[in-house]
Amino acid sequence: MKKIALLFDLDGTLLDTLEDLCDAVNCTMREYNSPERTLEEVRRFVGHGAADLISKALDGGRDNPEYDAALAFFRKYYADHADIKTRPYDGVIDILKRLGEIGVPCAVVSNKPDDATVSLCKKHFGSLIIESIGDREGMPRKPAPDKVIKMIETLGCESAIYVGDSETDVLTAKNACIPCICVTWGFRDREQMEAVGGEIFCREAGELEGEIMRLLEAGE
């Protein structure tokens, strides 16, 4: 049987980071005289990295003359306040423990800033997540498959299963030619993931564990 890794998105999949992201966005909006954003607006905006998030949240977007300063402010503020309200979703730590017990390597591939991705994974998951990579210079963001392919090589595996909560994650897995399991407790609706080809959906951790085991046993 070929060696298969489990690769996870972070925000909306393993960790509920939405409130901390929203607070950081709104601190930035206040600093740069833009209207504050609701939790639901920020939910829609996240998923493509900090630059894209601030371009959507800031009044005038990238055309705002203070866009670059606002992005730098957000990055610094969020780096310092990324783990105030953030918590793992129910059941995900138990899944990671069971995967570790049967020798399946687990890693995170995210579009979140790399420093926040690494620090949050270390704090909340410790050795349960072997490697993590976020938005890093020189590596294209998801849905480009580059970080997924690199992670599979780093883990010494032949293939992987990707778990995510957005259309970006579905497309990332498709571009990397690996299966994707979609969770519906995160930042996007099932319909958005179905629209780009999502096929496997889980509403809670028990269902996710069952689908992971099914795919591992099938050797996909």
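One structure accompanies this document, and this report is about it. (Residues numbered from 1 in each chain as written. Predicted model: local features only at pLDDT ≥ 70, side-chain atom pairs only at ≥ 80, totals over all residues. Heavy atoms only, no water.)

1. Considering the environment of Tyr32
Part 1 of the argument: Residue position: Tyr32 is located in the loop between helix 1 (18-31) and helix 2 (39-45).
Part 2 of the argument: The spatial distance from the C-alpha of Tyr32 to the C-alpha of Tyr67 is 8.8 Å, given a sequence separation of 35 residues.
Part 3 of the argument: Polar side-chain contacts of Tyr32 include one of 3.4 Å to the backbone oxygen of Ala69. (Helix = DSSP H or I, 4+ residues; strand = E, 2+ residues; numbered from the N terminus. Polar contact = N/O pair within 3.5 Å; in protein donor to acceptor, adjacent residues only side chain to side chain.)

2. A look at the pairing of strand 4 (residues 106-113)
Part 1 of the argument: Burial analysis of strand 4 places 8 of its 8 residues in the buried class, which makes it a mostly covered element.
Part 2 of the argument: Across 3 bridges, the pairing between strand 1 (residues 4-8) and strand 4 is parallel. Bridged to Phe8 within strand 4 is Val108.
Part 3 of the argument: Here strand 4 pairs with strand 5 (residues 131-135) via 4 bridges, running parallel. Bridged to Val109 within strand 5 is Ile133.
Part 4 of the argument: This β-α-β element, strand 4 to helix 6 (residues 114-125) to strand 5, shows right-handed connectivity. (Buried < 20%, exposed > 50% of the residue type's maximum accessible area, 1.4 Å probe, protein only. Pairing = 2+ DSSP bridges. Right-handed = clockwise from strand over helix to strand, strands pointing away.)

3. Digging into the pattern of salt bridges
Part 1 of the argument: Considering all chains together, one arrives at 17 salt bridges under this definition.
Part 2 of the argument: The partner of Glu40 in a salt bridge is Arg43, and the shortest N-O contact between them spans 3.2 Å. With a gap of 3 residues between them, Glu40 and Arg43 both fall in helix 2, about one helical turn apart.
Part 3 of the argument: Salt-bridge contacts for Lys56 lead to Asp52; the nearest nitrogen and oxygen are separated by 2.9 Å. Here the residue Lys56 and the residue Asp52 both occupy positions in helix 3 (residues 50-57), the gap between them amounting to 4 residues, near one helical turn.
Part 4 of the argument: The class of Lys56 is partly exposed, set by a relative accessible area of 33%.
Part 5 of the argument: By relative accessible area, Asp52 is classed as buried at 18%.
Part 6 of the argument: One salt-bridge network, held together by shared partners, links Asp9, Lys142 and Asp169. (Salt bridge = Lys/Arg side-chain N within 4 Å of Asp/Glu carboxyl O.)

Read these as layout, nothing more, since geometry by itself doesn't imply function.
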